[in-house]
Amino acid sequence: GGPGVPGQGPSEGQDQTPDAGAGNSGGAGAPSGPAPGSPGVPGGPAAPAGPPALRVDPPAAAVPLHAGRPGELRIPVRNTGSGPATDLVAVVTLPAGFIVRAGGTDDPDGWRCSGTAEVATCRVSELPAGTDGTVRIRVVLAGTATDGEVTGRLTATGLDPQPIPSTTVSVD
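Residues numbered from 1 in each chain as written. Predicted model: local features only at pLDDT ≥ 70, side-chain atom pairs only at ≥ 80, totals over all residues. Heavy atoms only, no water.

**Q** Looking at this structure, I do not really get the overall build of the protein. What am I missing?
**A** For the protein, the helix and strand inventory stands at zero helices and 10 strands. For the protein, the succession of helices and strands along the chain, N to C, is β-β-β-β-β-β-β-β-β-β. Looking at the protein as a whole, 31% of its 172 residues are labelled buried. (Helix = DSSP H or I, 4+ residues; strand = E, 2+ residues; numbered from the N terminus. Buried < 20%, exposed > 50% of the residue type's maximum accessible area, 1.4 Å probe, protein only.)

Quick look at the structure:
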């Protein structure tokens, strides 16, 4: 390549020495200790959040359940930790004759439930620290539905699975 040809590196005879001091930051006399803007330094970002901790309360019917009719089961969940819980999934086993209906588009807590027959899988992306949420499982009860147990588990990224307290729901 000739001298100064665009798109080519330096030609022979051109100075290829980097600028003096390039890549040298700080050096003798640089301040020690945390830099401004570090967590815990005034004017810096907040210290990192701690871990989440989930508490799951027993399921309950939103209104009395009747065979042959739609209904809704609610499972209260609380993040008692100091950090957000993420990628929460509740897998809930319902009594015989309970059929999961698609739902969640109008769910105020953001849970989205799907399922077939007696197993509901409900998901939400995050439950912030110190907040409550409610898993709302919309169901249709078959004409043959009777009282039965609701069981399940709740998982979240980085946490051990939490059991959903086993509860008997009544069908009128």
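**Q** Please explain the nonpolar core as it appears in this structure.
**A** Most often, soluble globular proteins keep nonpolar side chains buried together rather than apart. Counting residues in hydrophobic clusters, the biggest one holds 30 residues, and the most contacted among them are L88, V92, L94, F98, V135 and I137. With residues near it in sequence (within four places) discarded, L88 still touches L54, W111, C122, R123, V124, E126, L127, L154, T155 and A156. (Core = buried A, V, L, I, M, F, W, Y, C linked by side-chain atoms within 4.5 Å. Contact = heavy atoms within 4.5 Å.)

**Q** What exactly am I supposed to notice about the confidence of the model for the protein here?
**A** Low pLDDT means the predicted atomic positions in that stretch should not be read closely. With 70% of its residues at a pLDDT of at least 70, the protein reaches an overall mean of 81. In the predicted structure, residues 8-27 sits below a pLDDT of 50 and forms eight contacts with residues beyond four places in sequence or in another chain. (pLDDT = per-residue confidence, 0-100.)

**Q** Would you take a moment to explain the environment of L154 for this structure?
**A** Tracing the backbone through its elements, the reader meets L154 in strand β9 (residues 148-155). Considered as a pair, L154 and T121 are 33 residues apart in the sequence and their alpha carbons are 9.8 Å apart. Apart from residues no more than four positions distant in its own chain, L154 is found in contact with L54, V56, V77, L88, V89, A90, W111, D160, P161, Q162 and I164.

**Q** Explain the pattern of salt bridges here, please?
**A** Side chains that differ in charge, positive against negative, can pair when their charged atoms come close. All told, the structure shown has five salt bridges when counted by the stated rule. For R55, the salt bridge is made with D57, and the minimal N-O distance between the two is 3.4 Å. Note on R55: relative accessible area 40%, which makes it partly exposed. With relative accessibility at 25%, the residue D57 sits in the partly exposed group. The network of salt bridges with shared partners includes E72, R74 and R138. (Salt bridge = Lys/Arg side-chain N within 4 Å of Asp/Glu carboxyl O.)

**Q** I would appreciate a short explanation of the sheet that holds β9 in the present structure.
**A** One key point about sheets: their strands pair by backbone hydrogen bonds, in either a parallel or an antiparallel sense. The antiparallel open sheet is built from five strands, whose spatial order is β6-β7-β4-β9-β10. Looking at strand neighbours, the two that pair on one side only are β6 (112-116) and β10 (162-169), the edges of this open sheet. Looking at each pair of strands side by side, their axes are set apart by 20° on average, direction ignored. Two elements, β9 and β10, share six bridges in a ladder whose sense is antiparallel. Bridging from a neighbouring strand, E149 pairs with T168 of β10. (Pairing = 2+ DSSP bridges. Axes fitted to C-alpha atoms, helices over the stretch in contact; angles between N-to-C directions.)

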